[in-house]
Amino acid sequence: QQKYALLVGINKYYVRPGALYPKVLQGCVNDALSIQSVLENRFGFNKENVITLFDDKASKANVLAAFDNVLSKIKAGDAFVFFFSGHGVWMSNNDQSQLDQAIKDKMNQAMVMSDLYAKNLDCLFTDGLLKKTVNRFIDKRAIVTTIFDCCFSGKLLATFSLGEQNPYAPERIPAHEK
């Protein structure tokens, strides 16, 4: 079994290339480095199979390319860990299917990548894109672990049955009250 990881930590966000957003996060990069240390020193991950993207390197395009890089190598039974630490957002989506509305209350979650200046909010790695990406690993029969250290991460990978099976699910707040 091979073990792969993609670790994303974003303290610094940018309003244009090289221009830092004035409010920076503390500890996101350090958290990703800590996860890297645990994976390599405790769980035997090979350094060559651990991809790290920090701050300005953590654009949506770079994260997608890193996912594709791992997907080109991974085989059935291999393990993959995805870790994200940074900003997360929750936004309205009135165009959801009835099934998604039952879970997400007409809301969507997204991880915010470092390139805030990207056109058409392309700095957002949406829950829909994340599910499609993770499902590509599942299709290859890889063992996948995801860890999200960001606001509004509770339903990033939610499926219809999650609420019914999860005894720790938070109280549901109607969308109009959010």
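Treat the numbers as computed from the prediction; the structure is a model and nothing was measured.

Describe the side chain of Ser-85, naming the residues involved and giving the relevant values.
Mapped onto the fold, Ser-85 is located in strand β5 (residues 79-85). Setting aside anything within four residues of it in sequence, one finds Ser-85 in contact with Val-8, Gly-9, Ile-10, Cys-28, Asp-31 and Asp-149.

So what about the sheet that holds strand β9 (residues 143-149)? Which residues, and what values?
Read from one edge of the open sheet, four strands run β4-β1-β5-β9, paired in parallel fashion. Either end of the sheet is taken by a strand with one partner, and the two such strands are β4 (50-54) and β9. When the angles between neighbouring strand axes are averaged without regard to direction, this sheet yields 5°. Of the strands in this sheet, β1 (3-9), β4 and β5 are in contact with helix α2 (residues 60-71), which crosses β4 at around 180°. Running at roughly 155° to β9, helix α4 (residues 127-139) makes contact with β5 and β9 of the sheet.

Explain the nonpolar core to me, and be specific about the residues and the numbers.
Among the nonpolar cores identified, the biggest contains 30 residues, and Leu-6, Val-8, Phe-80, Phe-82, Phe-84 and Met-111 are the most heavily contacted of them. Elements supplying a minimum of two residues to this core: β1, α2, β5, β7 (107-112), β8 (124-126) and α4. Counting residues per element, this core draws most heavily on α2, which supplies five residues. In this structure, Leu-7, Ala-32, Val-50 and Phe-83 belong to the second largest nonpolar core, which totals eight residues.

Any chance you could break down the packing of α2 against α4 for me, citing the residues and the numbers?
Look at α2 against α4: their axes get within 10 Å of each other, and the N-to-C directions meet at 15°. Classified by the angle between their axes, α2 and α4 sit roughly parallel to one another. For the pair α2 and α4, the sense of crossing is left-handed. In this structure, α2 contributes Lys-60, Leu-64, Phe-67, Asp-68, Val-70 and Leu-71 to the contact, and α4 contributes Leu-129, Thr-133, Arg-136 and Phe-137.

Which residues make up the pattern of salt bridges, and what are the values?
Under the counting rule described, the total for this entry stands at three salt bridges. In this structure, Lys-57 engages Asp-56 in a salt bridge whose closest nitrogen and oxygen atoms are separated by 3.8 Å. Among the residues examined, Lys-57 registers a relative accessible area of 48% and is labelled partly exposed. When its relative accessible area of 45% is taken as the criterion, Asp-56 is described as partly exposed. Between Asp-122 and Lys-60 there is a salt bridge, with the nearest N and O atoms lying 2.7 Å from each other. You can see Asp-122 sitting in the loop between β7 and β8 and its partner Lys-60 sitting in helix α2, a full 62 residues away along the chain. Judged by relative accessible area, which is 39%, Asp-122 ranks as partly exposed. On the basis of relative accessibility, which here comes to 14%, the residue Lys-60 falls in the buried class.

Rules and cut-offs
Residues numbered from 1 in each chain as written. Predicted model: local features only at pLDDT ≥ 70, side-chain atom pairs only at ≥ 80, totals over all residues. Heavy atoms only, no water. Helix = DSSP H or I, 4+ residues; strand = E, 2+ residues; numbered from the N terminus. Contact = heavy atoms within 4.5 Å. Pairing = 2+ DSSP bridges. Axes fitted to C-alpha atoms, helices over the stretch in contact; angles between N-to-C directions. Core = buried A, V, L, I, M, F, W, Y, C linked by side-chain atoms within 4.5 Å. Buried < 20%, exposed > 50% of the residue type's maximum accessible area, 1.4 Å probe, protein only. Parallel < 35°, antiparallel > 145°, perpendicular 65-115°, else oblique. Left-handed = near helix turned anticlockwise from the far one by under 90°. Salt bridge = Lys/Arg side-chain N within 4 Å of Asp/Glu carboxyl O.

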